[in-house]
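# Analysis of the macromolecular model
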Amino acid sequence: MTLLPEKDPFDLFSKWYQEVLNSPCKEPTAMTLATCSKDCIPSARVVLLKEYSKEGFVFFTNVNSRKGKELTENPKAALVFHWTEFSRQVRIEGEVRLLSGKKADEYFSSRARDSQISAWCAIQSSVLKNWQAFEQAIELKEKEFHNTQVSRPDFWVGFCVIPKVIEFWQEGEYRRHTRFRYTFVEKS
C-alpha cells in the first residue's frame, strides 16, 4: 500500500482518525502524553483525545497531577497515537496552552455523573494510602451534590497541544516504512 502525503497534515490525521474510530479498535482516542519537568525529568502516560482541530489536540486532567504541574512549569509536550491494528503511528510535538474555564466546564458537564464526582475526590499522582477513605470521600460528595448538578472543580482543566511538528508513520514490509513529517513555520 502506497501512502501519499496530504498538503495539510490535519487532513491526513482526520482520514486516519476516522478509520480508527470506525473500526473495532478498543481505545481509538488513547494517546501517550510526554511531558518534562522544569528540571528536565521526562514523564509519559496515556490520556484520551477529546477533540482536535487545526488549533491543536485537546485533553482534560487534574492540574495538580504530575502532568498538570509539569505542563504548567514547562508548557511543551509530545503526543503519540499508536494504532497497532492499522500499523500506524502519529507523533506530535508542540507548545501547550491552558483552555478557558468555559471550555473545561463544557467538557466536564458532558461526563458521567459518577466520573464528575470521582474527579472531585481523586488525588491524581498521589499514593492512595486508604481505599476506604477514598470511597468515603465519594459518598460525601454524592451527598453534597444530591439533586444538584455537579460543578467542575477549579483544578479540573483542559490543555491544548499546539503542534510544531506532526509526523505520520505507516509500517511497510521488510522495514520499508513510510514517514511524513510536517513542520509548522510561524508566520511573521
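Let us now look at a negative patch on the surface. A grouping of Asp114, Glu135, Glu139 and Glu142 is seen on the molecular surface, where their side chains present a negatively charged patch. In terms of residue count, helix α5 (residues 131–144) provides more of the negative patch than any other element does, three residues in total. Take glutamate 139: it is sitting in helix α5. Since its relative accessible area comes to 45%, glutamate 139 is described here as partly exposed.

Considering all chains together, one arrives at 13 salt bridges under this definition. Among the salt bridges present, the one from glutamate 93 reaches arginine 91, with a minimum N-O distance of 3.3 Å. With relative accessibility at 24%, the residue arginine 91 sits in the partly exposed group. Taking the shortest distance from any N to any O, the salt bridge between glutamate 106 and lysine 102 comes out at 3.3 Å. You can see glutamate 106 and its partner lysine 102 sitting in helix α3 (residues 101–110), four residues apart, about one turn around the helix. In the salt-bridge network here, residues are joined through shared partners; they are Arg91, Glu93, Glu167, Arg179 and Arg181.

Let us now look at the pairing of strand β4 (residues 56–62). Within β4, seven of the seven residues are buried, leaving the element largely enclosed by the surrounding structure. Bridging between strand β3 (residues 51–53) and β4 involves three bridges; their strand directions are antiparallel. Bridge pairing in β4 places tyrosine 52 opposite phenylalanine 57. Following β3, the chain reverses through two residues before pairing antiparallel with β4. Pairing of β4 with strand β7 (residues 156–170) involves six bridges; the strand directions are antiparallel. In the strand pairing of β7, phenylalanine 60 is matched with glycine 158.

Scoring rules and cut-offs
- Residues numbered from 1 in each chain as written.
- Predicted model: local features only at pLDDT ≥ 70, side-chain atom pairs only at ≥ 80, totals over all residues.
- Heavy atoms only, no water.
- Patch = residues over 30% accessible without salt bridge, like charges linked within 9 Å, V, L, I, M, F, W, Y side chains within 5 Å.
- Areas by Shrake-Rupley, 256 points an atom, 1.4 Å probe, with all protein chains shown as cover.
- Salt bridge = Lys/Arg side-chain N within 4 Å of Asp/Glu carboxyl O.
- Lys, Arg positive; Asp, Glu negative; His and termini not counted.
- Charge placed at Lys NZ, Arg CZ, Asp CG, Glu CD.
- Helix = DSSP H or I, 4+ residues; strand = E, 2+ residues; numbered from the N terminus.
- Buried < 20%, exposed > 50% of the residue type's maximum accessible area, 1.4 Å probe, protein only.
- Pairing = 2+ DSSP bridges.

Function-wise, these values are silent; they only describe arrangement.
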